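What follows is each chain in one-letter form.
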Amino acid sequence: MRLSDLPQTLLQLNVNQQPITGPDTSTICLKVTDSLYGITHHAESERNQIKTTFSRIIQLARTKITNEERLKTCQDEIATLCDYLVFGKVDKNGDLPLNFLKNLLAGEIQMIEQKLGMQFNGNTVVLLAHYFYNKQSLHWGLTNHERDILKELTQAVQNEDTQLQSLVTTLLMIAEQNINLPVDAIDALFLTLYFKQITNISKVERIRCLVLAHGYSTASSMANVVNKMVGSQVVDAFDMPIDISPHQIGEQINQYLSDKNVSGGLIMLVDMGSLEDVHLYIKGYIDFPIGIINNVSTQSVLTVASEIQQKNDFELIMQDPQLQITQQVKVLYPSEVHKNVIITCCLTGIGTAKQIKALLEESMPLELDLVINAYEYARLCEVEQQTALLKTYNVLAVIGTIDPEITGIPYISLENLISGTQTDVFNQVLQQVAKPAQIQRIGENILRNFSIERVINSLTILDARTVMANVDQALSNYCQISQSTLSNQTRMALYVHVSCLIERLIRNEPITSYAVTTEFDSEATVIYHNIQKAFSVVEQIYSVKIPNTELGYIFDIVVANH
């Protein structure tokens, strides 16, 4: 080595008569016996466990074992690598500082959770930051064969889970575009296997276990340890800031309840008193049992998780002696409060029922504690459907074109709602959910929204006045032919029904099935033929043919008049 080979900075120290310092952390000490390969690869092989892990995975892919065994071994390798990355010695690797990666990834992970509707524990950000920090120093030129092996393994896992594929793709895009890190097949497989482990939630678990604790990753750390011990993702976790309010906690849990199936019950393990009363902020959302266990510890979480894996009953888990010794336990069961509902229905199907529903919703104040649901008449007549509705809802009334005869539930016909002849009955229904001022406002809205012309315009695309005139001519023909009269209630029902019938025939979408509800004796046969003659005028005006099925429904409405 010559003096000219020394760095200029080192020579300048001598010019300025400054002492030359000893080797620092960036200095590489060379020996006469060192080879060029050893000099260039020693530091990397010493500290980069990533290459070692994936070399074993590539080697494993070449062995003849089942896919299940290969996946399990690969996941074990990744779990070991994760522990090494988080708990091993942190050397200076690459240009991006570790804390910088942590802060950047924390925001990105939060946005991914919101976008994909997923929930990760607090360790995820820490682990990913350590991985990409160490990955900076890995300069491994994969061969085409090695790259193909890694891609095949990644694809095999992602094919079973489209959401996992979307998650990995999003993270790779963030690493490449936002962090400006080059990504490759190693990153894709690492992220796939890691998130496969932490998001592989068993679909057969009925009871949910949720840990809530104050601190940056207190709850998620306990959940992470327990999930590893039991071998599956049984426990979820929320890490709570010290200054979080109970209301904010309630909002997070309400969101959790809306995303998860908790029909079998929810067991919450909390760390201190402020979280013990969290159920007060979610009581309105409870339709399942909730268990609350305080003084949470890894042991108590493990106890609950093990019981859930064994598919033990909710009560049996909460009575476990290991929980009773050191924890105070609360069990809450839901009060049977059902939503108030008004049902709409129509003889001819769900379409008209939905239009009636829309008109009713337009008439109701938004703040009213009331739901309006549309159902097919045939379904409502089934005993099983009626039983299910009465168990699920507090049914206030049925409004429609025909009465499904649900025991104990008042029926208001659409024509009576239009004419106002059942106003008293409707007001009595509304008194259960509305104040007098609201009932008056609803009455005014009904008067405006449920005029016969408005109803027909809502149900069809035809001009209401023209259709009503043509239907009126058919009804007059029937009264003249049959030497009988039709009540106002029957006329209104026929105005609405025949208007919809005309539109169906114009669209070439007639009703093709009809259940006979009346025994066709000689009198019924005469009525049917009279209807057929009277409504021929509709066929002539609109150039359509009314099929027997449609005539059958008109027959039912007319017979109800008699």
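Refer to the preceding data block for the structure.
Residues numbered from 1 in each chain as written. Predicted model: local features only at pLDDT ≥ 70, side-chain atom pairs only at ≥ 80, totals over all residues. Heavy atoms only, no water.

A. Broad picture of the pairing of strand 6 (residues 339-346). In terms of burial, strand 6 is a largely internal element, seven of the eight residues being buried. Sheet topology note: the strand 6/strand 8 (residues 393-400) ladder contains seven bridges and is parallel. Bridging across to strand 8, Asn340 finds its partner in Asn394. As paired strands, strand 6 and strand 7 (residues 371-376) are joined by six bridges and run parallel to one another. Counterpart to Cys346 in the pairing with strand 7 is Glu376. (Buried < 20%, exposed > 50% of the residue type's maximum accessible area, 1.4 Å probe, protein only. Helix = DSSP H or I, 4+ residues; strand = E, 2+ residues; numbered from the N terminus. Pairing = 2+ DSSP bridges.)

B. How the structure looks around the sheet that holds strand 6. With parallel pairing, four strands are arranged side by side in an open sheet as 7-6-8-9. At either margin of the open sheet sits one strand with a lone partner, and together these are strand 7 and strand 9 (411-413). Along the sheet, successive strands turn relative to each other by an average axial angle of 30°, direction set aside. Against the sheet, helix 18 (residues 383-392) engages strand 6, strand 7 and strand 8, with an angle of about 125° to strand 8. Strands strand 6, strand 8 and strand 9 of the sheet are contacted by helix 20 (residues 423-430), whose axis makes an angle of about 160° with strand 8. (Axes fitted to C-alpha atoms, helices over the stretch in contact; angles between N-to-C directions. Contact = heavy atoms within 4.5 Å.)

C. Highlighting the packing of helix 16 (residues 350-363) against helix 21 (residues 436-449). Orientation of helix 16 relative to helix 21, taken along the N-to-C sense of each, is 140°, at an axis distance of 8 Å. As far as their axial angle goes, helix 21 and helix 16 are oblique. Considering only the axes of helix 16 and helix 21, their crossing is right-handed. Seen from helix 16, the contacting residues are Leu359, Leu360, Glu362 and Ser363; seen from helix 21, they are Ile442, Asn445, Ile446 and Asn449. When its residues are assigned to classes, the contact of helix 16 with helix 21 shows four nonpolar, three polar and one charged. (Parallel < 35°, antiparallel > 145°, perpendicular 65-115°, else oblique. Left-handed = near helix turned anticlockwise from the far one by under 90°. Nonpolar A, V, L, I, M, F, W, Y, C, P; charged D, E, K, R; others polar.)

D. Region of interest: helix 3 (residues 49-61). Relative to the 18 Å expected for 13 residues at 1.5 Å per residue, helix 3 spans 19 Å between its end C-alpha atoms, a close match to the ideal helical length. Taken as a whole, helix 3 has its buried residues at Ile50, Thr53, Phe54, Ile57, Ile58 and Leu60. Along the axis of helix 3, the buried residues cluster in a sector spanning 160°; they form a single face. (Expected span 1.5 Å × (residues − 1). Arc of directions from axis to C-beta.)

E. Spatial organisation of unusual backbone geometry. Even without glycine at this site, Lys311 takes up a positive phi of about 60°. With respect to the secondary-structure elements, Lys311 resides in the loop between helix 13 (298-309) and helix 14 (314-318). One non-glycine residue, Gln483, lies in the positive phi region at around 55°. Here Gln483 shows up in the loop between helix 23 (464-482) and helix 24 (488-506).

F. Highlighting the nonpolar core. Formed by 61 residues in total, the largest nonpolar core has its most connected members in Leu360, Met364 and Phe535. Among the nonpolar cores identified, the runner-up in size contains 50 residues, and Tyr133, Leu138, Val157 and Leu191 belong to it. (Core = buried A, V, L, I, M, F, W, Y, C linked by side-chain atoms within 4.5 Å.)

G. Representation of the packing of helix 20 against helix 21. At a minimum axis distance of 11 Å, the contact between helix 20 and helix 21 shows a crossing angle of 135°. Considering the angle they form, helix 20 stands oblique to helix 21. Crossing of helix 20 against helix 21: the hand is right-handed. Taken together, the residues of helix 21 that come into contact with helix 20 (itself represented by Phe426, Asn427 and Leu430) are Ile439, Ile442 and Ile446. Considered class by class, the residues forming the contact of helix 20 with helix 21 number five nonpolar, one polar and no charged.

H. Representation of the pattern of salt bridges in the model. Within this structure, the stated rule accounts for 12 salt bridges. The salt bridge partner of Asp187 is Lys135, with a shortest N-O separation of 3.5 Å. In this pair, Asp187 sits in helix 9 (residues 185-199) while Lys135 sits in helix 6 (residues 123-135), placing the two residues 52 residues apart along the sequence. Here the two residues Asp187 and Lys135 agree in accessibility, since each one is buried. Overlapping salt bridges bring together Lys135, Asp184 and Asp187 as one network. (Salt bridge = Lys/Arg side-chain N within 4 Å of Asp/Glu carboxyl O.)

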